[in-house]
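Chain and residue survey
Below are the chains, spelled out letter by letter.
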Amino acid sequence: MSASADKLVMMANQIGRFFTPQRDGDPVAAIADHLEKFWDPRMRAAIVAYLAAGGAGLDGPVREAVGRLKVAKVPEKGLSA
């Protein structure tokens, strides 16, 4: 796992540990909503790609939440439209 992937996994799991014990609502939906609202599109794309490559280290509810993310195409740096 790369250093950036390690950091994303750690951050995602921290979010999961916050929402999982909440008794109101669906923690997986809350995790996915948080990632959609507060993570940069490049971060979301990276964690989705990480899950697609196996997702080692992601906690169960976080794996599910990342699987629900809708990732927009992120333009590559240096390219003009």
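Quick summary incoming for the structure in this document. (Residues numbered from 1 in each chain as written. Predicted model: local features only at pLDDT ≥ 70, side-chain atom pairs only at ≥ 80, totals over all residues. Heavy atoms only, no water.)

**Side note on the overall build of the chain**
A count of helical and extended segments in the chain gives 4 helices and 0 strands. Taken from the N to the C terminus, the helices and strands of the chain come in the order α-α-α-α. In the chain, which comprises 81 residues, the share counted as buried stands at 28%. Within the chain, contacts between residues separated by at least 24 positions form 62% of all contacts whose residues are at least 6 apart in sequence. (Helix = DSSP H or I, 4+ residues; strand = E, 2+ residues; numbered from the N terminus. Buried < 20%, exposed > 50% of the residue type's maximum accessible area, 1.4 Å probe, protein only. Contact = heavy atoms within 4.5 Å.)

**Side note on the packing of helix 1 (residues 3–19) against helix 3 (residues 41–52)**
One can describe the packing of helix 1 onto helix 3 by two numbers: an axis separation of 10 Å at closest approach and a directional angle of 95°. Our classification of the angle between helix 1 and helix 3 gives roughly perpendicular. In this structure, helix 1 contributes Ala 5, Leu 8, Val 9 and Met 11 to the contact, and helix 3 contributes Met 43, Ala 46, Ile 47 and Tyr 50. Of the residues contributing to the contact of helix 1 with helix 3, the split by class is 8 nonpolar, no polar and no charged. (Axes fitted to C-alpha atoms, helices over the stretch in contact; angles between N-to-C directions. Parallel < 35°, antiparallel > 145°, perpendicular 65-115°, else oblique. Nonpolar A, V, L, I, M, F, W, Y, C, P; charged D, E, K, R; others polar.)

**Observations concerning the environment of Arg 17**
Within the secondary structure, Arg 17 sits in helix 1. Arg 17 sits 44 residues away from Pro 61 along the chain, and the two C-alpha atoms are 9.0 Å apart. Filtering out sequence-adjacent residues up to four positions away, Arg 17 remains in contact with Met 10 and Asp 59.

**Some remarks on helix 1**
Taking 1.5 Å per residue as the helical rise, helix 1 with its 17 residues ought to reach 24 Å, and the 25 Å between its terminal C-alpha atoms agrees with that figure. Buried within helix 1 we find Ala 5, Leu 8, Val 9, Ala 12, Asn 13, Ile 15, Gly 16 and Phe 19. Within helix 1, the buried residues cover an arc of 155° as seen down the axis, which keeps them to one side. Looking at helix 1, the residues exposed on the side facing more than 90 degrees away from the buried face are Ala 3, Arg 17 and Phe 18. Here the buried face of helix 1 lies against helix 2 (27–38), helix 3 and helix 4 (60–68). (Expected span 1.5 Å × (residues − 1). Arc of directions from axis to C-beta.)

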